[in-house]
Structure formats: structure tokens, C-alpha cells
Amino acid sequence: MTIANLHTFHTKSVDFVQAYPQAELKSTIFLRSPPGVELATDNEEMVLQLIHNLYGLKDAGRTWYEQLTDGLDAMGFIPTESDPCILINSTDIIVLFVDDCIIISRTKADADKIYQELERRKFKLTDEGTLEEYLGLQNKHFGGGSFWVSQPVLIEKILASIP
């Protein structure tokens with residue numbers, strides 16, 4: 001956020017819809033049908049094969065991260081050495097946090113192009129707008145590189161818990 005504010009870059013908050021199930025499994029996983037689900041078969045030994053990643057699987061987060069960063073790599077983004085969830089190309093920055101991301105670009109048009117390219121690559125995502133709220137943090141920009149960050153919901157919760 002500091003870099004975006006100091007250089008008056010445009011920010012776009014993005015949410016990947018059901019991120020983990022978007023990633024294809026790399027291994028074969030079978031499971032029994034859940035209670036209450038009856039399969040139309042006489043074979044009581046029938047099992048189901050997972051096709052997509054699920055939340056709660058041991059490698060779910062890693063599988064999602066690899067598929068997303070493969071797509072971003074094809075778009076020219078590379079992870080920084082200091083943090084693999086911050087990816088850069090020659091002019092833009094993408095910050096990842098599980099299924100949320102921030103696109104930081106010189107212009108709104110550049111940020112929109114990145115968003116559209118992610119859609120073209122079959123990622124399901126929603127445009128959450130500018131970075132006024134992200135992960136519970138509220139951000140207010142004053143221009144000239146100055147801004148403040150607040151967590152009013154958390155502050156109210158803490159104050160309400162004080163007898």
C-alpha cells in the first residue's frame with residue numbers, strides 16, 4: 001500500500017471465487033459417498049473420485065498457489081525473493097493472500113487488463129474495487145502519498161469486551 005500511495009498507483013482488490021476448487025488435483029483421490037447420498041448402482045463398493053481440489057485437503061493450499069502462480073508466470077509475473085506471495089513484472093505488482101489479491105498498477109486501465117487476462121485464463125474472480133477495505137483493514141487515501149489504515153470492526157469488538 002505504501003508503494004501504491006507514494007507513486008499514486010491504482011489498486012484493485014480481487015477475490016478468487018472458491019479458489020481451492022479451481023485448482024486441478026495432481027494426485028488421484030477416492031472417497032466414499034457422504035451419508036445420505038445414494039448412488040444409482042447395485043455395487044456397494046462404489047467410491048467417488050475427486051476431480052477438483054477441496055478445502056481441507058492436505059495439499060489444497062499449495063495446489064491452488066501453484067496453479068495461480070503458473071498462470072501469473074505466463075503473464076510475466078515472478079515472485080519476489082523476499083516473499084513468494086508478492087509477484088512483480090516490469091510495471092505491476094500483485095500481492096496474494098490465499099484467495100484474495102491486490103493488483104497495483106500505474107493506471108486503472110493496466111489493472112483492468114491484468115484482471116481481464118486472469119479471467120481469460122479461466123480463473124473465477126470478482127472485482128472488489130479499489131483498496132478501500134482489504135482483509136478487515138480500512139484504508140483512506142489523502143493524496144500526496146499520505147494515508148491511514150484502521151480496523152474499526154476489531155476496535156469495536158475489543159471495546160465491547162471491556163467490562
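Note that this is a predicted model, so its numbers are computed, not measured.

**Topic: the overall build of the protein chain**
Regarding its fold elements, the protein chain presents 5 helices and 11 strands. Counting the 163 residues in the protein chain, one finds 31% classified as buried. Accessible surface, the protein chain as shown: approximately 10,900 Å² in total, 55% of it carbon and sulfur.

**Digging into helix α3 (residues 60-74)**
Over its 15 residues, α3 runs 22 Å from end to end, which matches the ideal 21 Å to within 8%, given 1.5 Å per residue. Phi for Gly76, located one or two positions after α3, is positive at around 95°.

**Side note on the sheet that holds strand β4 (residues 78-79)**
Within the open sheet, the 6 strands sit side by side as β4-β5-β6-β7-β1-β8. Their pairing is antiparallel. Taken across any chain shown, the strands that pair with only one partner, and hence form the sheet edges, are β4 and β8 (125-127). Of the pairings in the sheet, the one linking strand β6 (residues 93-97) to strand β7 (residues 100-105) comprises 5 bridges and is antiparallel in character. Within β7, the position partnered with Ile93 by the bridge is Ile104. Against the sheet, α3 touches β1 (10-16), β4, β5 (86-88) and β6, its axis set at about 170° to β6. Of the strands in this sheet, β1, β6, β7 and β8 are in contact with helix α4 (residues 108-120), which crosses β1 at around 20°.

**Section: the pairing of β1**
Burial of β1 is extensive: 7 of the 7 residues sit out of reach of the surface. Burial along β1 is two-sided: His10, Lys12, Val14 and Phe16 and Thr11, Ser13 and Asp15, pointing in opposite directions, are all buried. Examined bridge by bridge, β1 and β7 share 6 bridges and lie antiparallel to one another. Residue pairing in the sheet places Thr11 in a bridge with Ile104 of β7. Bridge analysis of β1 against β8 gives 3 bridges, and the strand direction is antiparallel. Pairing of Asp15 across the sheet is with Thr126, part of β8.

**Brief notes about the pairing of β7**
The element β7 is largely enclosed, with a buried count of 6 among its 6 residues. Across the two faces of β7 the burial is the same, with Asp100, Ile102 and Ile104 and Cys101, Ile103 and Ser105 all buried. Between β6 and β7, which pair antiparallel in sequence order, lie 2 residues; one of them, Val98, sits at a positive phi of approximately 55°.

What counts and how
- Residues numbered from 1 in each chain as written.
- Predicted model: local features only at pLDDT ≥ 70, side-chain atom pairs only at ≥ 80, totals over all residues.
- Heavy atoms only, no water.
- Helix = DSSP H or I, 4+ residues; strand = E, 2+ residues; numbered from the N terminus.
- Buried < 20%, exposed > 50% of the residue type's maximum accessible area, 1.4 Å probe, protein only.
- Areas by Shrake-Rupley, 256 points an atom, 1.4 Å probe, with all protein chains shown as cover.
- Expected span 1.5 Å × (residues − 1).
- Pairing = 2+ DSSP bridges.
- Contact = heavy atoms within 4.5 Å.
- Axes fitted to C-alpha atoms, helices over the stretch in contact; angles between N-to-C directions.

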